[in-house]
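Chain by chain, the residues:
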Amino acid sequence: MNPNNSVNGTATSDVLSSAFIKALVQQIRGLDTYGTYKKWSDDLLLKPYIVTKQDKRKISVEDEVDPRTISRINAFYRAIAIRIEQETGLLSQVVADLNHEGFGWVLVFSGRLLLVKKTMRDVHRFGFNSLEKLAEEGDILVQKGVELAQRFREVGEL
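All values derive from a computational prediction rather than experimental measurement.

Each value, and the rule that gives it
Residues numbered from 1 in each chain as written. Predicted model: local features only at pLDDT ≥ 70, side-chain atom pairs only at ≥ 80, totals over all residues. Heavy atoms only, no water. Helix = DSSP H or I, 4+ residues; strand = E, 2+ residues; numbered from the N terminus. Rg over C-alpha atoms; globule rule 2.2 N^0.38 Å. Buried < 20%, exposed > 50% of the residue type's maximum accessible area, 1.4 Å probe, protein only. Contact = heavy atoms within 4.5 Å. Areas by Shrake-Rupley, 256 points an atom, 1.4 Å probe, with all protein chains shown as cover. Lys, Arg positive; Asp, Glu negative; His and termini not counted. Charge placed at Lys NZ, Arg CZ, Asp CG, Glu CD. 1 Å grid on protein atoms, 1.4 Å probe; cavity = no way out; pocket = protein on both sides within 12 Å on 5 of 7 lines; lining within 4 Å. Points joined across faces, edges and corners; volume = space filled by probe spheres on them. Nonpolar A, V, L, I, M, F, W, Y, C, P; charged D, E, K, R; others polar.

Within the chain one finds seven helices and three strands. N-terminal to C-terminal, the α/β element order of the chain is α-α-α-α-α-β-β-β-α-α. Relative to the compact-globule value of 15 Å for 158 residues, the chain shows a C-alpha radius of gyration of 16 Å, a close match. Expressed along its principal axes, the backbone C-alpha trace of the chain runs to roughly 50 × 35 × 30 Å. Taking all 158 residues of the chain together, 36% fall into the buried category. Once local pairs closer than 6 in sequence are excluded, the contacts in the chain between residues at least 24 apart make up 66%. Of the roughly 9,400 Å² of accessible surface on the chain, a fraction of 49% belongs to carbon and sulfur atoms. Of note, the chain has its 22 positive side-chain charges centred 2 Å away from the centre of its 21 negative side-chain charges.

Below, the structure is given as structure tokens:
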């Protein structure tokens, strides 16, 4: 795949301009210590997050979880934490505990307040049907986290 290519027809400018998608792209580019993705378009960077149902069926869950998949999961939840932080002003952190079999959990917290908790299954197959679904899921988790942070702000500041 040529790094100058884009994923034609998969993303609208509205989706790519959403705050969550921008935060996710920022996380991916931040992990690129060698500048490999420097010339890649944003939708090409996000392509590994798009996994159709047919593609998911092809992925074996019997092997170890691919480190690239774990990296994508971490970037996804760090983008959620950054968006919550931007919306609330509360420092947010991510903790992920994923075992080699593809099970575990991810937590986004601020102070002593748990903002997002997600039980993970079959992380080998982590992905979304489309960029729109990726943005939608991210926005939903951000909104729930922001609501909790606003409701229990004093706990988040501890």
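Moving on to the layout of surface pockets. Here the largest pocket is characterised by a volume of approximately 450 Å³. Along its surface, the largest pocket is lined by 18 residues, and Tyr37, Pro48, Arg68, Ser71 and Arg72 are the ones closest to its centre. Taken together, the residues that form the lining of the largest pocket break down as ten nonpolar, three polar and five charged. There is about 310 Å³ of room inside the second largest pocket. Residue lining of the second largest pocket: 16 residues in total, with Lys56, Arg125, Phe126, Gly127 and Phe128 positioned closest to the centre.

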